[in-house]
Amino acid sequence: MEKLQNYINGALVAPAGGEYFENMAPALGKPYSLIPDSDERDIAAATEAAKAAFPIWSKMSIQERSDILLRIAALIGERSEALAAAESKDNGKPLKLAQTVDIPRAQANFHFYGTGILHFASESHSMGDLAINYTLRQPIGIAGCISPWNLPLYLFSWKIAPALAAGNTVVAKPSEVTPYTAYMLSQICIDAGMPKGVLNIVHGLGPKAGAAIIEHDDIPMISFTGGTATGEWIARTAAPKFKKLSLELGGKNPNIIFADCDFEDMMKTTLRSSFANQGQICLCGSRILIERSLYNRFKEEFVKRVKALKVGDPNDPTTNLGAVVSKPHMEKVLSYVEIAKEEGGTVLAGGKRAAIGGEFSEGYFLEPTVIEGLAHTCRTNQEEIFGPVVTLIPFDTEEEAIMMANSTKYGLASSVWTSDLKRAHRVARELHTGIAWINCWLLRDLRTPFGGVKSSGVGREGGFEALQFFTEPKNVCIKY
Ligand code: NDP
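Residues numbered from 1 in each chain as written. Predicted model: local features only at pLDDT ≥ 70, side-chain atom pairs only at ≥ 80, totals over all residues. Heavy atoms only, no water.

> Could you give me a rundown of the overall build of the chain, with the residues and numbers involved?
When you go through the chain residue by residue, the secondary structure sums to 15 helices and 21 strands. Over its C-alpha trace the chain gives a radius of gyration of 23 Å, about what one expects of a compact globule, namely 23 Å for 480 residues. Seen through its C-alpha atoms, the chain measures out along the principal axes to roughly 65 × 65 × 40 Å. Going through the 480 residues of the chain one by one, you find that 58% of them count as buried. Taking all contacts inside the chain whose residues are at least 6 apart in sequence as the whole, residues at least 24 apart take part in 75%. Of the roughly 18,700 Å² of accessible surface on the chain, 55% is carried by carbon and sulfur atoms. In the chain, 49 positive and 53 negative side-chain charges are present, and the distance between their average locations comes to 2 Å. (Helix = DSSP H or I, 4+ residues; strand = E, 2+ residues; numbered from the N terminus. Rg over C-alpha atoms; globule rule 2.2 N^0.38 Å. Buried < 20%, exposed > 50% of the residue type's maximum accessible area, 1.4 Å probe, protein only. Contact = heavy atoms within 4.5 Å. Areas by Shrake-Rupley, 256 points an atom, 1.4 Å probe, with all protein chains shown as cover. Lys, Arg positive; Asp, Glu negative; His and termini not counted. Charge placed at Lys NZ, Arg CZ, Asp CG, Glu CD.)

Here's what the structure looks like:
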């Protein structure tokens, strides 16, 4: 089986301990490559390399750094077919989704920050005749970047690109469950002429290689995307070391549908916001709140369309849902269907493992699942499931919809469907989420702040917010 390698100090290398573990293809339910089981020795080597590279990279002109990031973006574009095929195989997602979303977006992230850094400026504060202050924004040092498995290269690049653009060097770890495109990115960086040690990619387990990044004293900032429990551990571990932290965590997003919405537009988008990437997008709307007068019409049409979704071969362009990412994750999602039933829910569609024959018979496929009849306070409606499972909940008033929407510990994203402009503004203002989409979902402008409130995280990514996170502001005060 192919052995993946770490990318440390500009070279592809084996892990210090020489140990590997299996990388599964979720649609086949079989291992197909081997992942380095890296430990603190590999993180130490990567950190040494990043430390040595920092003075060179941080002092390089912005134009030169930009050129390298743009070359990486161009190479991602040239290799997009191979990258999309690898992402689909590694994650189980439909190839078409990887071709149209994951890989173009990873390319866009490098392009966006490769050009964004050329326009990044800082402020000055005049004190009249007395003095002038200006804010010097300097790169900090080594950024630790840790990303999850649901949108592997897309979220990995969303951190790495701004960290590098701002002049930092990076030690990064992709999810152990989906390491392949990060491995391919190593070769792309070598081919793009990235100076050695600037970006280091170390593969391995979260509690081992990942934890070694969090604990390393020479890594002063951490950008993490993943589960809330992991984020909590990271915050606890990093706080006594006074590390700068950006945490993008879980969600339990409400999708609020008023009776006056554009029904067809809402229906098409709600199918996507419920089941895109098998429901494994932190922004998916898993709680669908529907105004009671529309409830039966919505339910009938939605369930009909959900039952018509095609689950199966990720390479088939007509497939809507591929495999979920792993066996333990599939079992976790199925356990929530059982919890929903125990809580009194009625399964209107799906609820089971999907039987796909042939080479996919061992794959981790789940039927898209719709459940109704649950209180908004029950576990199914409070805990993140992160799979193709949505619940339907009726509401009577705008106030009730807002109350239920805000009733979880999470606060990442929300969608609101209405043709009433005043109500749209009003509800968006009242929702405790970092993002509120009105009559749309996943419409992303990379300049906008991205992140959540409450247990969905701390800090914002995106646009200049990320460049601010990855730089330290220093006030310089000059007396006239
Ligand atoms: P995890 O928290 O399990 O893992 C995320 C990353 O952290 C992985 O690379 C993981 O490595 C690593 N990790 C795990 N334990 C540690 C540790 N102790 N120290 C350092 N690193 C560690 O999340 P998942 O990968 O399961 O991702 C799904 C979660 O991510 C969901 O909760 C989802 O909502 C959230 N998410 C949030 C987004 C947002 O923008 N807010 C976007 C996308 C997802 P390994 O894989 O090896 O365990």
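> Let's hear about the pairing of strand β12 (residues 244–248): which residues, and what values?
Direction of pairing for strand β11 (residues 221–225) relative to β12: parallel, over a ladder of five bridges. Bridging across to β12, Thr225 finds its partner in Glu248. For the segment spanning β11, helix α8 (residues 228–238) and β12, crossover handedness is right-handed. One ladder, built from two bridges, connects β12 with strand β20 (residues 457–458); its direction is antiparallel. By the bridge assignment for β20, Leu247 is matched with Val458. (Pairing = 2+ DSSP bridges. Right-handed = clockwise from strand over helix to strand, strands pointing away.)

> So what's going on with the site of the ligand? Residues and values would help.
If you check the shell around the ligand, you find 32 residues, and the closest are Glu176, Thr230, Leu249, Cys282 and Glu384. Take Lys173: an N or O atom from its side chain is 2.9 Å from an oxygen atom of the ligand. The separation between an oxygen atom of the ligand and a polar side-chain atom of Glu384 is 2.5 Å. Here the ligand has 890 Å² of accessible area as a free molecule, and 89% of this is covered by the chains. When contributions to the shell around the ligand are tallied by element, the ones reaching two or more residues are α7 (206–215), β11 and α8. The dominant element in the shell around the ligand, judged by the number of residues it contributes, is α7, at five residues. Looking at side-chain class alone, the shell around the ligand contains 16 nonpolar, 12 polar and four charged residues. Residue assignment places the shell around the ligand across two domains, with domain 1 (2–249 + 456–479) and domain 2 (254–447) each supplying three or more. (Near = heavy atom within 4 Å. Polar contact = N/O pair within 3.5 Å; in protein donor to acceptor, adjacent residues only side chain to side chain. Nonpolar A, V, L, I, M, F, W, Y, C, P; charged D, E, K, R; others polar. Domains from an automatic or database assignment.)

> Before we move on, could you go through the sheet that holds strand β21 (residues 471–479) and cite the residues and values that matter?
The sheet built from three strands is open, its strands ordered β6-β7-β21 with antiparallel pairing. The open sheet has two free edges, formed respectively by β6 (124–126) and β21, since each of these has just one partner strand. When strand polarity is set aside, the average angle formed by the axes of neighbouring strands in this sheet is 15°. Pairing between strand β7 (residues 131–139) and β21: nine bridges, direction antiparallel. Of the residues in β21, the one forming a bridge with Leu136 is Lys474. (Axes fitted to C-alpha atoms, helices over the stretch in contact; angles between N-to-C directions.)

> Please give an account of the packing of helix α2 (residues 62–78) against helix α4 (residues 95–116) that cites residues and values.
Two numbers describe how α2 lies on α4: the axes approach to 8 Å, and their chain directions differ by 165°. As far as their axial angle goes, α4 and α2 are roughly antiparallel. Considering how the two elements wind past one another, α2 and α4 form a crossing that is left-handed. Here α2 contributes Ser66, Leu69, Leu70, Ile72, Ala73, Ile76 and Gly77 to the contact with α4, which in turn contributes Ile103, Ala106, Gln107, Phe110, His111, Tyr113, Gly114 and Thr115. For the contact of α2 with α4, the per-class residue count stands at nine nonpolar, six polar and no charged. (Parallel < 35°, antiparallel > 145°, perpendicular 65-115°, else oblique. Left-handed = near helix turned anticlockwise from the far one by under 90°.)

> Let's hear about the domain arrangement of the chain: which residues, and what values?
Assigned domains of the chain: these are domain 1 (2–249 + 456–479) and domain 2 (254–447). In this structure, the connection of domain 1 to domain 2 is made through zero salt bridges. Looking at the side of domain 1 that touches domain 2 residue by residue, the class counts come to 14 nonpolar, 11 polar and four charged. (Salt bridge = Lys/Arg side-chain N within 4 Å of Asp/Glu carboxyl O.)

> Outline the pairing of strand β4 (residues 20–25), supporting the account with residue identities and numerical values.
Bridging between β4 and strand β5 (residues 30–36) involves six bridges; their strand directions are antiparallel. Across the sheet, the residue bridging to Met24 is Pro31, located in β5. In this antiparallel pair of consecutive strands, β4 and β5, the connection spans four residues, and Gly29 shows a positive phi of 65°.

> Account for the environment of Leu34, with residues named and values stated.
By secondary structure assignment, the location of Leu34 is in strand β5. Residues Leu34 and Gln5, spaced 29 residues apart in sequence, show a C-alpha to C-alpha distance of 9.0 Å. Those residues in contact with Leu34 that lie beyond four places of it in its chain are Met1, Glu2, Lys3, Leu4, Tyr20, Phe21 and Glu22.

> Account for a nonpolar patch on the surface, with residues named and values stated.
A grouping of Tyr134, Leu136 and Ile478 is seen on the molecular surface, where their side chains present a nonpolar patch of about 220 Å² in accessible area. Mapped onto the secondary structure, Tyr134 falls in strand β7. Here Tyr134 falls in the partly exposed class, since its relative accessible area comes to 32%. (Patch = residues over 30% accessible without salt bridge, like charges linked within 9 Å, V, L, I, M, F, W, Y side chains within 5 Å.)

> I'd like a rundown of the pattern of salt bridges, residues and numbers included.
Close approach of charged atoms allows side chains of opposite charge to pair. Counting across every chain of the model gives 23 salt bridges. Asp396 is the salt-bridge partner of Arg292, the closest N and O atoms lying 2.8 Å from each other. Separated by 104 residues along the polypeptide, Arg292 in helix α10 (residues 292–307) and Asp396 in the loop between β17 (389–395) and α13 (398–405) bring together distant segments of the chain. A salt bridge links Glu372 to Lys299, with the nearest nitrogen and oxygen atoms 3.0 Å apart. Of the two residues, Glu372 is situated in strand β16 (residues 369–372) and Lys299 in helix α10; the sequence distance between them amounts to 73 residues. For Lys299, a relative accessible area of 23% puts it in the partly exposed group. Each of Glu264, Glu301, Lys304 and Arg305 takes part in a single network of salt bridges with overlapping partners.

> Describe α2, listing the residues and the values that go with them.
In a regular helix each residue adds 1.5 Å, so 17 residues correspond to 24 Å; α2 covers 24 Å between its end C-alpha atoms and thus fits that length. Buried residues in α2 make contact with α1 (40–59), α3 (80–91), α4, α5 (152–165) and α6 (180–191). (Expected span 1.5 Å × (residues − 1).)

> Which residues make up α6, and what values do they have?
Over its 12 residues, α6 runs 17 Å from end to end, which matches the ideal 16 Å to within 8%, given 1.5 Å per residue. Among the 12 residues that make up α6, nine are buried, leaving the element largely enclosed by the rest of the structure. For α6, the set of buried residues is Tyr180, Thr181, Ala182, Tyr183, Met184, Leu185, Ser186, Ile188 and Cys189. Taken from the residues just after α6, Gly193 is the one with a positive phi, measuring 80°.

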